[in-house]
Amino acid sequence: METRLISLKYKNSKSDIVLIGIAYTTVIILTFSIIIPFLLIFLQSITPRSAMTGEWYSIIPKQVTFDAYGYLLVSSKLIIKAFKNSFFLVVIGGSLSLIATTMAAYTLSKQYLPYRKILTYFVYIPMIIGGGLIPTFLVVKFIGLYGSLWACVIPGMVGSWNVFLMRNFFREIPESLEEAALLDGANDVQILVKVMLPVSLPAIATIGLFYAVGQWNSWFTPSIYLNSREQWPVQMVVRQMLAQFDWTSVESIQDMEELLINIPTDNVKKASVFIATLPVLVFYPFAQKYFVKGLVVGSIKG
Amino acid sequence: MKNMNTLAQSSRKPKAFIHNIIRYKFLYLLILPTIVLFLIFNYFPMYGVVIAFQDYKPHLGVEGMFSKATWVGLKQFKNFISSFYFKRLMINTVRISLLKILFGFPAPIILALFLNEIRNLKFKKIVQTVSYLPHFLSWVILSGIITSLLSPANGTINQFIIALGGQPVDFLTNNDYFIWVLVFSSVWQGVGWSSIIYLATLSGIDPQLYESSVIDGATRFQQILYISLPSLYNLMSILLIMSMGGILNAGFEQVLMLYSPLVFETGDIIDTFVYRSGIQELKYSYSSAVGLFKTAIGFTLLIITNFFAGKMGRETLF
């Protein structure tokens, strides 16, 4: 890219300028089509109902209220609990997934390992064919995981795709590194922990991120395996708020009165969407460089 | 390492198996948790599809699948295929998928080609960062955003329409508009992320190609047409073929979040039907049969498309 930049010292022709114009316009429209809806959600969450005149151009609210956030983050026990549950899923679930995936990928990356092919097929097959929703659901039920947060962690702990992605990273590491460590008298555990893992840190970060984001965003699995509100992660609470801000999600009479008087339900809905987006928005820019690398290496090497 | 390899494979006696396991016990131990998890949660449910050929009674628990099972053969499948839903679900699923491919397949290519023309690296970086974002948000959040834009009462787009003197449109409950909401929201969500792989290929093009084309008097448009785009052909055909393999996956969570009984006519897909009849109506056997029907077709398509992808030089897994 750099060389191309320097070498093009010629003057852009008219058609070039048109083309560049179209390119810039397109990407700017795309960028705004993503930024504006999030901005609107935030603005709508802080505009009190009295100030919502219904005019589309009154985007900047004349009055601002953070009551919806106050309600969600302070008075409502539901969302605080939901954050705790989501935290459990992201941190515990994500770590377990990452550890198990790294372990399996390391094994599969060893070309000399007997039965490696069979093991690879064993991990690969579930990627293309599965028992389907109901049989899997029944297995989780039989095992007794139904109704526990662990049901959202254990059954989907290892993703085949992530194993292969990680395996490809391990394969990139030159064999001489391992051989050198062997000559120095390192044992298997030392080779893995002190030689291979430090070199693969970007890969581990990428996969860890995929799992963490997956858990934070997961709604479907919790929705079929959890039965009490106490266990709901953030996405389920947000879904509930969006689907129907019903009176059952308000915990006491006092809350309900307060809600009726002060907080338009629309604000609460929008605020809940924004709160659920925030963690991704905050961590996302830092993580971006890793996952781009991860996706490209993994998919090209197939 | 190579010595170990030949040693392990040359001795084909039954003893060799135990010998290998002991020799590489550390590596086998590392993959053991995955094997156990997969056996329980992936391979056992594959056996569990037998309930599609039974009349499974939930109160019998595991035994209802084995000793106490009532076998009914293909009854559940026949019920589904002869039902009113069959045709509608197949058409809806395929229609939504095809429309998503029609718009969602070229979009990232165009985006990548355009981004490739943008020389302001800082600007390019910002666009890329923003465009990947929707990929990392759940359909719960995205559906909240889409609804707040489209709702007839106070949705931003409808307020805009009203301000321009039009009638508000209820996009999410209208059978014609609904599929377009699905198609465009899915393109919008995926375009940035899907462009990464094309951009990676474009950045691998030898800059000398562009330089010599400049000397020959090529315009930027000609560069795109004769250098950038052709370098993507291989990748494009592979990705297109692969997307055909997933044609029965029309976007389960997205549809589930956005649809309502009012738009079942065009918006209900196989996956959402399986979900409703299985998880909500507890018709386990029937719902498994529908799911298995889908898996069987999907698997066949995957084998076919994988075969073609293999012909095109892609490393296949069969």
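Residues numbered from 1 in each chain as written. Chains lettered and ligands numbered in written order. Predicted model: local features only at pLDDT ≥ 70, side-chain atom pairs only at ≥ 80, totals over all residues.

**Looking at the overall build of chain A**
When its secondary structure is counted, chain A shows 14 helices and zero strands. Ordered by position in the sequence, the α and β elements of chain A form the string α-α-α-α-α-α-α-α-α-α-α-α-α-α. With 302 residues in all, chain A has 37% of them scored as buried. Pairs at least 24 apart in sequence give 75% of the contacts found in chain A among residues at least 6 apart. (Helix = DSSP H or I, 4+ residues; strand = E, 2+ residues; numbered from the N terminus. Buried ≥ 20, exposed ≤ 12 C-beta atoms within 10 Å, placed from the backbone. Contact = placed C-beta atoms within 7 Å.)

**Focus: the overall build of chain B**
Of the regular secondary structure elements, chain B holds 16 helices and zero strands. Taken over the C-alpha trace, chain B has a radius of gyration of 26 Å; the compact-globule value for 318 residues is 20 Å, which it surpasses by more than 25%. Taking the principal axes of the C-alpha coordinates as reference, chain B spans close to 70 × 65 × 30 Å. Considering only contacts within chain B whose residues lie at least 6 apart along the sequence, 66% involve residues at least 24 apart. (Rg over C-alpha atoms; globule rule 2.2 N^0.38 Å.)

**Some details on the interface of chain B and chain A**
Contacts between the two partners involve 83 residues from chain B and, on the opposite side, 80 residues from chain A. Element by element, the count of residues in the side of chain B that touches chain A is highest for helix H3 (residues 25–48) of chain B, at 16 residues. Partitioning the side of chain B that touches chain A into residue classes produces 52 nonpolar, 24 polar and seven charged. (Nonpolar A, V, L, I, M, F, W, Y, C, P; charged D, E, K, R; others polar.)

**A few points about the domain arrangement of chain A**
Residues and elements named next belong to chain A. Split by domain assignment, chain A resolves into domain 1 (11–65) and domain 2 (67–301). Contact residues are listed per partner, giving eight residues for domain 1 and ten residues for domain 2. Class assignment of the residues belonging to the side of domain 1 that touches domain 2 gives a composition of four nonpolar, three polar and one charged. (Domains from an automatic or database assignment.)

**What about unusual backbone geometry?**
At Tyr115 of chain A, a position not held by glycine, the phi torsion is positive, near 65°. In this structure, Tyr115 of chain A sits in the loop between helix H4 (77–109) and helix H5 (116–128). On the basis of neighbour count, Tyr115 of chain A is assigned to the partly exposed category, with 14 C-beta atoms found within 10 Å. Of note in the backbone geometry, Leu282 of chain B takes a positive phi value of approximately 60° without being a glycine.

**Let's talk about the packing of helix H2 (residues 14–46) of chain A against helix H6 (residues 106–117) of chain B**
One can describe the packing of H2 of chain A onto H6 of chain B by two numbers: an axis separation of 9 Å at closest approach and a directional angle of 120°. By the angle class used here, H2 of chain A and H6 of chain B are oblique. In the packing of H2 of chain A onto H6 of chain B, the handedness of the crossing is left-handed. Counting all contacts with H2 of chain A, which are made through Leu19, Ile20, Ala23, Thr26 and Val27 of chain A, the residues of H6 of chain B involved are Phe114, Leu115 and Glu117 of chain B. (Axes fitted to C-alpha atoms, helices over the stretch in contact; angles between N-to-C directions. Parallel < 35°, antiparallel > 145°, perpendicular 65-115°, else oblique. Left-handed = near helix turned anticlockwise from the far one by under 90°.)

**Focus: the environment of Leu133 of chain B**
Take Leu133 of chain B: it is sitting in the loop between helix H7 (121–132) and helix H8 (139–150). Residue Leu133 of chain B is classed as buried on the basis of its C-beta count, with 22 C-beta atoms lying within 10 Å. The sequence separation of Leu133 of chain B and Ile269 of chain B amounts to 136 residues, and the corresponding C-alpha distance is 27 Å. Look past the residues within four positions of Leu133 of chain B in its chain and what remains in contact with it is Ile34 and Tyr284 of chain A.

**Some remarks on the environment of Asn158 of chain B**
All names here are of chain B. Its location among the elements puts Asn158 in helix H9 (residues 156–163). Asn158 sits in the buried class, given 21 other C-beta atoms within 10 Å. Through-space distance from the C-alpha of Asn158 to that of Lys311 is 49 Å; in sequence the pair is 153 residues apart. Apart from the residues lying within four places of it in its own chain, the contact partners of Asn158 are Ser151, Pro152, Pro168 and Val169.

**So, the confidence of the model for chain B**
Low-confidence regions, as indicated by low pLDDT, have predicted coordinates that should not be scrutinised in detail. For chain B, the average pLDDT comes to 89, and 94% of its residues sit at 70 or higher. In the model output, the complex is listed with pTM 0.86 alongside ipTM 0.84. (pLDDT = per-residue confidence, 0-100.)

**So, the packing of helix H6 (residues 133–143) of chain A against helix H16 (residues 284–311) of chain B**
Remark: H6 of chain A packs on H16 of chain B, axes separated minimally by 7 Å, with the N-to-C direction vectors making an angle of 130°. Looking at the two axes, H6 of chain A sits oblique to H16 of chain B. Where H6 of chain A approaches H16 of chain B, its residues Leu133, Ile134 and Pro135 of chain A are matched on the opposing element by Tyr284, Ser287, Ser288 and Gly291 of chain B. Grouping the amino acids of the contact of H6 of chain A with H16 of chain B by side-chain chemistry returns four nonpolar, three polar and no charged.

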